[in-house]
Amino acid sequence: MSDEFFSARDIAMHFGGIRAVESVSFDVQRGEVFSIIGPNGAGKTTIFNMISRIYTPTAGTLNFDGQDITRIAPHRIARLGIARTFQNIELFTNATLLQNLLIGRHSHSTAPLLSQLAFLPSVRRAEVDHRKRAEEVIEFLDLQRYRDQLIANLPYGVRKVVELGRALCSQPKLLLLDEPSSGLNTEETEGMAFWIEDIKKDLSVTIIMVEHDMKLVAAVSDRVMALNQGRILAMGSSAEVQGHPDVVRAYIGGEPEAPRVESVAAA
Ligand SMILES: Nc1ncnc2c1ncn2[C@@H]1O[C@H](COP(=O)(O)OP(=O)(O)OP(=O)(O)O)[C@@H](O)[C@H]1O
């Protein structure tokens, strides 16, 4: 079986005259962490929005796990095994952590509405499975002590981990992480690096990450793609990409050494 798990071929996204993404192609192998970096407005979020089918590409194709997903209905994305976190946390603040995970898990439910209403045995079984999965995720992410607390009462750093948990409850094969470090301090960002490593290694989930924090990118990424103005500037290891002259120029509009990274151990 080919290890080409996800591929984007010549994808483009135009909004009127704005060419947000133009002729971008990349492959993601099963089990890797693939990061997308670039200055503001580079087209990173637009690529995520195409993969999660919020946008339909103006041109090009997207393939996932042997299937063309370029034009499939957005609600089928979760069932195919793609989950996403958002830059600005999207949790129900007046519900508990557990309730948020159970809601997240429902995107996976395939039972027709009528049988859900009738609460048939098959649906009951699915409910039991949902709850079991949510409890496993809570344990995996070490969130037990917050299980029954309202999201509104949790620190921001914990909410970011819950957002990760909400995505994991749908048992994704591919996880899209949109700026997992945004709003986190240095220590919390290091914690996030460990969770990403654990998700990759222990759950065998493939990850595509959009991230500005180059320390986090360097710590967890197998490969990195740098974009600017909707086009690919460089692709390779984190060190190769951050040292690429075009990437340096795009970040600081001139010479030496941006984006700078100190090495962070995350394993
Ligand atoms: N729905 C839209 N309508 C019009 N223009 C858009 C739309 N979405 C994105 N754009 C434009 O596309 C370009 C790329 O935006 P995008 O949000 O993908 O960049 P980004 O790399 O994610 O930036 P940031 O790091 O600031 O989040 C920008 O010029 C943006 O203004």
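You'll find the structure just up there.
What comes next is a walk through the structure. This is a predicted model, so every value here is computed, not measured.

About the cut-offs
Residues numbered from 1 in each chain as written. Predicted model: local features only at pLDDT ≥ 70, side-chain atom pairs only at ≥ 80, totals over all residues. Heavy atoms only, no water. Helix = DSSP H or I, 4+ residues; strand = E, 2+ residues; numbered from the N terminus. Expected span 1.5 Å × (residues − 1). Buried < 20%, exposed > 50% of the residue type's maximum accessible area, 1.4 Å probe, protein only. Polar contact = N/O pair within 3.5 Å; in protein donor to acceptor, adjacent residues only side chain to side chain. Near = heavy atom within 4 Å. Areas by Shrake-Rupley, 256 points an atom, 1.4 Å probe, with all protein chains shown as cover. Nonpolar A, V, L, I, M, F, W, Y, C, P; charged D, E, K, R; others polar. Pairing = 2+ DSSP bridges. Axes fitted to C-alpha atoms, helices over the stretch in contact; angles between N-to-C directions. Contact = heavy atoms within 4.5 Å. Core = buried A, V, L, I, M, F, W, Y, C linked by side-chain atoms within 4.5 Å. Domains from an automatic or database assignment. Phe/Tyr/Trp six-rings, centres within 6.5 Å; stacked < 30°, edge-to-face > 60°.

1. Looking at helix H7 (residues 186-203)
Its 18 residues give H7 an end-to-end C-alpha distance of 25 Å, which sits within 8% of 26 Å, the value for a rise of 1.5 Å per residue. Among the residues of H7, those classed as buried are Thr 189, Met 192, Ala 193, Trp 195, Ile 196, Glu 197, Ile 199 and Lys 200. Taking the backbone nitrogen of Glu 187 as reference, a side-chain oxygen 3.2 Å away marks Asn 185 as the first, capping residue of H7. Remark: Ser 204 follows H7 within two positions and exhibits a positive phi of approximately 55°.

2. A look at the site of the ligand
Lining the immediate surroundings of the ligand are 13 residues, of which Gly 41, Gly 43, Lys 44, Thr 45 and Thr 46 lie closest. Gly 41 is positioned with one of its backbone polar atoms (N or O) 2.8 Å from an oxygen atom of the ligand. The protein chains hide 64% of the 640 Å² of surface that the ligand would expose on its own. Going through the elements one at a time, strand E2 (18-29) and helix H1 (44-51) are the ones with two or more residues in the shell around the ligand. Broken down by element, the residue count for the shell around the ligand peaks at three residues, all from H1. Partitioning the shell around the ligand into residue classes produces six nonpolar, six polar and one charged.

3. Structural notes on the pairing of strand E8 (residues 206-210)
For E8, the buried fraction is high: five of the five residues fall into the buried class. Residue alternation in E8 divides its side chains into two sets, Thr 206, Ile 208 and Val 210 and Ile 207 and Met 209, and both sets are buried. Bridging between strand E3 (residues 33-37) and E8 involves four bridges; their strand directions are parallel. By the bridge assignment for E8, Ser 35 is matched with Met 209.

4. Let's talk about the sheet that holds E3
Taken in spatial order, the six strands make up an open sheet running E6-E7-E8-E3-E9-E10, and their pairing is mixed. Edge positions in the open sheet fall to strand E6 (82-84) and strand E10 (231-236), since each of these has one partner strand only. Averaged over all pairs of adjacent strands, the angle between their axes in this sheet comes to 15°, without regard to strand direction. Against the sheet, H7 engages E3, strand E7 (174-178) and E8, with an angle of about 155° to E8.

5. Notes on helix H6 (residues 156-168)
Taking 1.5 Å of rise per residue, the 13 residues of H6 would be expected to cover 18 Å, and the 19 Å separating its terminal C-alpha atoms lies within 8% of that figure. Counting buried residues along H6, 11 of its 13 residues qualify, which places the element largely inside the surrounding structure. Turning to H6, its buried residues are Gly 157, Val 158, Lys 160, Val 161, Val 162, Glu 163, Leu 164, Gly 165, Arg 166, Ala 167 and Leu 168.

6. Some details on the environment of Val 224
Relative to the assigned elements, Val 224 resides in strand E9 (residues 223-228). The buried category is assigned to Val 224, whose relative accessible area is 1%. Counting along the chain gives 14 residues from Val 224 to Val 210, while the straight-line C-alpha distance between them is 9.8 Å. Discounting residues that sit within four places of it in the chain, Val 224 has contacts with Ser 35, Ile 37, Val 217, Ala 234, Met 235, Gly 236, Ser 237, Ser 238 and Val 241.

7. Describing the nonpolar core
Formed by 44 residues in total, the largest nonpolar core has its most connected members in Leu 97, Leu 143, Val 162, Leu 175, Ile 196 and Ile 207. Broken down by element, this core gets its largest block of residues, six residues, from H6. Residue contributions to this core reach at least three from each of two domains, namely domain 1 (1-81 + 173-267) and domain 2 (93-171). With residues near it in sequence (within four places) discarded, Ile 207 still touches Glu 32, Val 33, Phe 34, Leu 174, Leu 175, Leu 177, Ile 196 and Ile 199. Among the nonpolar cores identified, the runner-up in size contains 29 residues, and Ala 8, Phe 34, Ala 42 and Phe 64 belong to it.

8. Overview of the packing of aromatic side chains
Within this structure, the stated rule accounts for five aromatic pairs. Relative to Phe 26, the ring of Phe 6 lies with its centre 5.9 Å away and its plane at 35°, an arrangement referred to as tilted. One end of the pair, Phe 6, is in strand E1 (residues 4-15); the other, Phe 26, is in strand E2, with 20 residues separating them in the sequence. With a centroid separation of 6.5 Å and 45° between ring planes, the pair formed by Phe 140 and Trp 195 is classed as tilted. Of this pair, Phe 140 sits in helix H5 (residues 121-140) while Trp 195 sits in helix H7, and the two are 55 residues apart along the sequence. In textbook terms, an aromatic cluster arises when at least three aromatic residues are bridged by ring pairs, as seen for Phe 6, Phe 26 and Phe 34.

9. A closer look at the side chain of Thr 85
Relative to the elements of secondary structure, Thr 85 occurs in the loop between E6 and helix H3 (97-105). Within polar-contact distance, the side chain of Thr 85 engages the backbone nitrogen of Asp 178 at 3.3 Å. Apart from the residues within four sequence positions on either side, Thr 85 is in contact with Glu 163, Leu 164, Arg 166, Ala 167, Leu 176, Leu 177 and Asp 178.

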